[in-house]
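Overview (structure and organization)
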Amino acid sequence: MGVVRLRRDGRVRDEDGDRLSEADLGEGLGERATLVQFSTAFCQPCRATRRILADVSTLVPGVSHVEIDAESRLDLVRRLDIMRTPTVLVLDSAGNIVKKASGQPRKDDVLAALAAAVPGP
């Protein structure tokens, strides 16, 4: 079981279906894409993920980073089937969820996921 979890940890995979609005996020959507991070107060990988996503959002114009406390937004956690923290969702400009990663993603994987979600220049 541990080997399977390690292989899947932080891997970005395709996601389709749900859509998040500005009301769901409590903030505005990014002009080109939005990185949504579900985290908890005592989650050590959440801190590293926060730094990665903040760095990516400054590197890529029009991309915003929104962090959501999973404990205070159980409605979204249940609706989106968030099983652990950190969980990262990549939204397109309309708020559609296009990618999802459970666990701490690598910066390169986040950039690749954004390339799929963000329309060309």
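The notes below deal with the structure included here. (Residues numbered from 1 in each chain as written. Predicted model: local features only at pLDDT ≥ 70, side-chain atom pairs only at ≥ 80, totals over all residues. Heavy atoms only, no water.)

1. Thoughts on the environment of V77
Inspection of the secondary structure puts V77 in helix α4 (residues 74-79). Owing to a relative accessible area of 13%, V77 belongs among the buried residues under this scheme. If we skip the residues at most four places from it in the chain, V77 touches F38, A70 and I82. (Helix = DSSP H or I, 4+ residues; strand = E, 2+ residues; numbered from the N terminus. Buried < 20%, exposed > 50% of the residue type's maximum accessible area, 1.4 Å probe, protein only. Contact = heavy atoms within 4.5 Å.)

2. A look at the state of the cysteines
Inspection of every chain in the model, using the stated rule, returns one disulfide. The side chain of C43 participates in a disulfide bridge whose partner is C46; the two sulfur atoms lie 2.3 Å from each other. Given an S-S torsion of about 85 degrees, the disulfide between C43 and C46 has right-handed geometry. According to the relative accessible area criterion, C43 is buried, its value standing at 8%. (Disulfide = S-S within 2.5 Å.)

3. Concerning the pairing of strand β4 (residues 87-92)
Burial runs high along β4: six of the six residues are buried. Neither face of β4 is open: one carries T87, L89 and L91, the other V88, V90 and D92, and all of them are buried. Across six bridges, the pairing between strand β2 (residues 33-39) and β4 is antiparallel. Paired with V36 across the strands is L89, a residue of β4. In this structure, β4 lies alongside strand β5 (residues 97-102), joined through five bridges in antiparallel fashion. Bridge pairing in β5 places V90 opposite K99. Hairpin remark: β4 followed by β5, antiparallel, with four residues in the connecting loop; positive phi at G95, about 95 degrees. (Pairing = 2+ DSSP bridges.)

4. Overview of helix α3 (residues 44-59)
For α3, with 16 residues, the first-to-last C-alpha span of 24 Å sits near the 22 Å given by 1.5 Å per residue. Looking only at α3, the buried set comprises C46, A48, T49, I52, L53, V56 and S57. Tucked inside the fold, the buried residues of α3 contact β2, β3 (63-69), β4 and α5 (107-117). (Expected span 1.5 Å × (residues − 1).)

5. Here's the deal with the side chain of T49
Locating T49 in the fold gives a position in helix α3. Accessibility expressed as a relative area gives 0% for T49, which makes it buried. Apart from residues lying up to four places away in sequence, T49 is in contact with Q37, P86, V88, Q104 and P105.

6. A few points about α5
For α5, every residue scored as buried is listed here: D109, V110, A113, L114 and A117. Projected onto a plane normal to the axis of α5, the buried residues spread over an arc of 140 degrees and lie on a single side. Away from its buried face by more than 90 degrees, α5 exposes D108 and A115. (Arc of directions from axis to C-beta.)

7. With respect to the pattern of salt bridges
Enumeration according to the criterion identifies six salt bridges in this entry. With its nearest N and O atoms 3.4 Å apart, the salt bridge here joins R79 to D24. Of this pair, R79 sits in helix α4 while D24 sits in helix α2 (residues 22-25), placing them 55 residues apart in sequence. Note that D75 is salt-bridged to R73, the shortest N-O span being 3.1 Å. (Salt bridge = Lys/Arg side-chain N within 4 Å of Asp/Glu carboxyl O.)

In short, shape yes, function no, at least from these values alone.
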